[in-house]
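Understanding the architecture of this molecule
For reference, the chains in residue letters:
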Amino acid sequence: MSANDANFMLFSSINDCSYVSCYCEENVWKLCEQVKKTHPAELSKCYAVFVSNERRTVPLWRQKAGRGDEKLVIWDYHVFFMHNPSPNRCLVFDMDTTLPFPTYFHKYVTETFRSDYAVTPEHHRFFRVIPAEKYLAEFSSDRRHMRRPDGSWIKPPPSYAPIQTSTNTHSLDDFICMKPGKGPGSVYDLLHFVQQFYKPPDRNITKTQN
């Protein structure tokens, strides 16, 4: 099955993917690593997407950790994986959503972020989109954000060693930062994020002359 096939999927099942609760940035890094090993030709069409804002209070719906029927949660940041193999096809792989794995981009965004009109301005979501290859090369974390002042873990860390580069032991904050021009990748507000990655099929019918 080729990547151009409509049924082609990068990951056969969410159960075959590395996952540790509350370490979404590392889960996504592992997805990028998996694609590089198993479908290297697709890596250039993949992205790590960070969601946050200046206050680091971003509401997301349909999250496993959320409350109520709508599964609403407010994170300081969240990270998901995207595969954009063609202009009219973009899939989101979020290991923390109650939506399917994967979910088509438009459905994921509509269900997870809804609209900026549904939240106050201080809760508006911004998106840092980083090409997967760049994410693999530049992301690093010593997991300091998951430790309490006494050094104990807020949540148990992954069993593998921390992800670090040869030049940096902790670059996570550069990825969470949503200031344009600072940090890797590109930063969008919700509207422009949707415009960038949702390209609905052209439904115009070209009439042929008799």
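Just so you know, these numbers come straight off a predicted model, no measurement behind them. (Residues numbered from 1 in each chain as written. Predicted model: local features only at pLDDT ≥ 70, side-chain atom pairs only at ≥ 80, totals over all residues. Heavy atoms only, no water.)

1. Brief notes about the overall build of the protein
In plain terms, the rule: The secondary structure listing takes helices from DSSP runs of H or I that are at least 4 residues long and strands from runs of E that are at least 2 residues long, numbered from the N terminus. With the radius of gyration taken over C-alpha atoms, the globule rule is written as 2.2 Å times the number of residues to the power 0.38. The rule is simple: take the accessible area with a 1.4 Å probe, protein chains only, and divide by the maximum for that residue type; under 20% is buried, over 50% is exposed, in between is partly exposed. Any two residues whose heavy atoms approach within 4.5 Å are treated as being in contact. In this charge count, Lys and Arg are treated as positive and Asp and Glu as negative; neither His nor the chain ends contribute. To locate a charge, the coordinates of NZ of Lys, CZ of Arg, CG of Asp or CD of Glu are taken.
If you tally the helices and strands in the protein, you get five helices and eight strands. For the protein, the succession of helices and strands along the chain, N to C, is α-β-β-β-β-β-β-α-β-α-α-β-α. For 210 residues, the compact-globule estimate of 2.2 N^0.38 gives 17 Å, and the C-alpha radius of gyration of the protein, at 18 Å, lies within 12% of that figure. Overall, the protein is about 80 × 40 × 35 Å in size when its C-alpha atoms are taken along their principal axes. By residue count, 43% of the 210 residues in the protein fall in the buried class. Long-range pairs, those at least 24 residues apart, make up 68% of the contacts in the protein between residues at least 6 apart in sequence. For the protein, the separation between the mean place of its 26 positive charges and that of its 23 negative charges on side chains is 1 Å.

2. Some thoughts on the sheet that holds strand β7 (residues 126-131)
Rules: Whether two strands pair depends on DSSP finding at least two bridges between them. Helix axes use the C-alpha atoms of the stretch in contact, all axes being lines fitted to C-alpha atoms, and the angles between their N-to-C directions lie in the range 0 to 180 degrees.
Across the sheet, six strands lie side by side as β6-β5-β4-β1-β7-β8; this open sheet has antiparallel pairing. Both outer strands of the open sheet, β6 (103-104) and β8 (186-189), are each paired with one neighbouring strand and no more. Together, β1 (46-52), β4 (78-86), β5 (89-93), β7 and β8 form the strand contacts of helix α5 (residues 190-197), whose direction differs from that of β8 by roughly 115°.

3. Re the pairing of β7
Of the pairings in the sheet, the one linking β1 to β7 comprises six bridges and is antiparallel in character. In the sheet register, S52 faces β7, and the bridge partner there is F126. Relative to β8, β7 is paired through four bridges, and the arrangement is antiparallel. Across the sheet, the residue bridging to R128 is V187, located in β8.

4. A short note on the side chain of E25
The cut-off we apply is this: Salt bridges are counted wherever a side-chain nitrogen of Lys or Arg sits within 4 Å of a carboxyl oxygen of Asp or Glu.
Within the fold, E25 resides in helix α1 (residues 24-38). The side chain of E25 sits in the buried core without any salt bridge; R143 is the nearest counter-charge, 7.0 Å away. Those residues within four positions of E25 in sequence are excluded, and the remaining contacts are F50, Y77, V79, Y135, F139, H145 and L172.

5. Thoughts on the nonpolar core
Keep this limit in mind: Note on terminology: a nonpolar core comprises buried Ala, Val, Leu, Ile, Met, Phe, Trp, Tyr and Cys residues joined through side-chain atoms within 4.5 Å.
Among the nonpolar cores identified, the biggest contains 32 residues, and F11, F50, F81 and Y135 are the most heavily contacted of them. For this core, the secondary structure elements donating two or more residues are α1, β1, β4, β5, α3 (132-138) and α4 (172-176). Each residue touching F11, except ones within four places of it in the same chain, is listed here: C17, L31, Q34, V35, F81, F93 and F101. Counting 22 residues, the second-largest nonpolar core is a separate cluster that includes Y47, V51, C90 and V92.

6. Brief notes about the UniProt feature "domain: Protein N-terminal glutamine amidohydrolase alpha beta roll" (unreviewed entry) in the protein
Threshold: UniProt positions are given in the numbering used here, feature names are shortened, and annotations may be inferred rather than shown by experiment.
Here, the residues flagged by UniProt with the feature "domain: Protein N-terminal glutamine amidohydrolase alpha beta roll" (unreviewed entry) are residues 19-197. The straight-line gap between the two end C-alpha atoms of residues 19-197 is 26 Å; of that span, 24% is helix and 22% is strand.

7. Description of the confidence of the model for the protein
Filter applied, for reference: What pLDDT expresses is the predictor's confidence in each residue, scored from 0 to 100.
With 92% of its residues at a pLDDT of 70 or more, the protein has an overall mean of 92. Note on residues 205-210: pLDDT is under 50 here. Beyond four places in sequence and across chains, it has zero contacts.

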